[in-house]
Structures are given as C-alpha cells and as structure tokens.
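Structure assessment
Chain by chain, the residues run as shown.
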Amino acid sequence: TEAWVEAQNKATFGYLDNIPYREELRDRLSKLWNYEKIGAPFKEGDYTYFYKNDGLQNQSVYYKATSLEAPRQVLLNPNTLSKDGTVALAGAVASKDGKLLAYGLADGGSDWRTWKVRDVASGKDLDDLVQWVKFSSIAWMPDGSGFFYGRYAEPQEGQELTGTNENQRMFFHKIGDPQSKDQLILERPDHPKWGFSPAVTDDGRYLIIQNWKGSEPKSQIFIKDLQQSDSDVKPLITGFDAEYEWIASDGDMLFFMTDHEAPKRRLIAVSAKQPERSEWREVIPQTEDVLEGANLFGSVFY
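Attention in this report is confined to the structure presented alongside it. These figures come from a predicted structure and were not determined experimentally.

This next bit is on the sheet that holds strand 14 (residues 206-213). Spatially, 13-14-15-16 is the arrangement adopted by the 4 strands of the open sheet, whose pairing is antiparallel. Here the strands that pair on one side only, and so sit at the sheet edges, are strand 13 (194-200) and strand 16 (234-237). Pairwise comparison of adjacent strand axes, ignoring direction, gives a mean angle of 30° for this sheet. For strand 15 (residues 219-225) and strand 16, the ladder comprises 3 bridges, and the chain directions are antiparallel. Note that in strand 16 the partner of Phe222 across the bridge is Pro235.

Now the structure itself:
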C-alpha cells in the first residue's frame, strides 16, 4: 500500500507541479482565506469560551475570558498538539461550573477519541485519561464530578484501525480516578451493533441515552434517574421506529424532536413517569417546513 501511494503521488504531483498558474491560485486563495474568524461565544460558570482562527491556522484556537470585554487567553491550542499536525481537536466540553474542560483528540484522522481534562483556571491538564472512545459524545454531571461516555474494548495490538467495533458500553468517569475504576452504566451484549450517546438534563435529574445502530436514522431512548445512585437504566422509547433527539427537560417532562408520524419533524413531550405513547403530547406540530432544530430558553422554545 505504501509503495502504491508513493507511486500515485509521484504521478499526480509530477503533473500538478507543471501547471504554470497553480502558485498564482494558491497565493490568491491564501489571501482570500486570511482573515480573523471568531465563533459564537458561550458561557459556563465564571468563564466565556469561544473559538478563534487568525486566518490560516490549521485548527481554531480555544480561548477563555472572564467576560466578553475582558482580555482573552488561550486555553487550548490544537495546533501545538503534534509537530506534524496530525492530531486534531475532536470535541471540547466545559463543565457546568466552568472549572474543567474535557477535550477529545483524534490522531491521524482515526475515529478513536482520547479524552483529557484541563483545569480552566491554571490551563494545566489533570491526570485523567479516557481512551478507546468512539461514536460517542460526553456528558458532564452538573456538579463537575465526572462525565458519561461510550467506549469499546481496547483492540488487539496492530488492529486499532482494522478491527470490528462491537458491544459499545457506557461508563461514568469520576474526575481523579483512573479509567479502570470507571462505573459501567449500560451494556447490551445481546445487541452487539447497538451504540449509545449520553446527555444529562440541565437540572441533573436524568441521564438521557440515545440508542442507535449503525447509520440508520432511527433510535431508541433509555433513561436513568441520577437522584438515585442505585437506579436502573430503563427504556423510555423503544422500537427503532423513528429518530428521537433529546432537546430539553422540565422536571419529569422530557422533550424530543422526532420524525415519528411526521416526516418533516415535530417536537413532543414524553413523561419520564408515564412514557406510554398514549401519554405523549405534541408541543410543536409538523408544518410545511422541515424542523431543523429547537432549543428551550426559560419557558419558551425557539
């Protein structure tokens, strides 16, 4: 394979390098792209966070500030993660109190994610290291004590990029503990193709687990009552009959965007206490336009 790629590159660049106006195009595009780009800021705890790119940086830099007007400081510069630029920032999630930042790294374009934790005030990494995460987001507990994530078993040496990934399991990582002590939350060896993505309600009451299989746009939902440490993970929506995306919660009422009986999507409310379909309530009905997204601000959906 390496010999084939080398020969292919030799043939390709032997042709491209002889195009007389190629450098002129490169210079012109570089000038067009070379302007400051700043992402929308967001706030957690005492800090405001945002991404910024000076213009031609390979990856945008993650900044922190004590307010929108305060001087900004670099919290994480992914351009320094590796000398050859092959390690990418593949996700960054601040804890609700803004004191910790969990960030995921992807090496060489791999789908594997290694998550680390950085102390926001000092800018230094903690000892926490969570490996072999794939196809999963992370979800912080509101008190910053740890986060939920989905991972696969460590692959055999040499098969990291070629082995089959089955039997994803969901864990809770407590800050300060080694990964070997992480608490198993959910596994379904009877369904090896299933995967799980976590979310935690803003009030910290429920863990919402979206259950998917492959790339099929249909899902199930499981929940766990986080107010009871020994509570079981229970099914909320089953059947893989439609796509269900958790949006927000109000106490025991959970809101989902779905294409269930609505190809252009609608917003529904499902009670954690009475999840029967006969009890579902429609909040935003399907219209002629596709519902792309929804957010809850106070008591109003946008």
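Another point: unusual backbone geometry. Notably, Phe135 is not glycine yet its phi reads approximately 55°, a positive angle. Checked against the element boundaries, Phe135 lands in strand 9 (residues 125-140). By relative accessible area, Phe135 is classed as partly exposed at 43%. Its identity is not glycine, yet Arg265 carries a phi of approximately 75°, on the positive side. Take Arg265: it is sitting in the loop between strand 18 (253-258) and strand 19 (266-271).

Take the pattern of salt bridges next. Should their charged atoms come close, side chains of opposite charge can pair. Enumeration according to the criterion identifies 15 salt bridges in this entry. A salt bridge links Asp125 to Arg118; the nearest nitrogen and oxygen atoms lie 2.8 Å apart. In this structure, Lys193 and Glu166 form a salt bridge, with 2.9 Å as the shortest nitrogen-oxygen distance. With Lys193 in the loop between strand 12 (183-187) and strand 13 and Glu166 in the loop between strand 10 (146-151) and strand 11 (169-174), this residue pair connects regions lying 27 residues apart in the sequence. The class of Glu166 is partly exposed, set by a relative accessible area of 34%. One salt-bridge network, in which partners are shared between bridges, spans Glu36, Lys52, Asp54 and Arg72.

Criteria and cut-off values
- Residues numbered from 1 in each chain as written.
- Predicted model: local features only at pLDDT ≥ 70, side-chain atom pairs only at ≥ 80, totals over all residues.
- Heavy atoms only, no water.
- Pairing = 2+ DSSP bridges.
- Helix = DSSP H or I, 4+ residues; strand = E, 2+ residues; numbered from the N terminus.
- Axes fitted to C-alpha atoms, helices over the stretch in contact; angles between N-to-C directions.
- Buried < 20%, exposed > 50% of the residue type's maximum accessible area, 1.4 Å probe, protein only.
- Salt bridge = Lys/Arg side-chain N within 4 Å of Asp/Glu carboxyl O.

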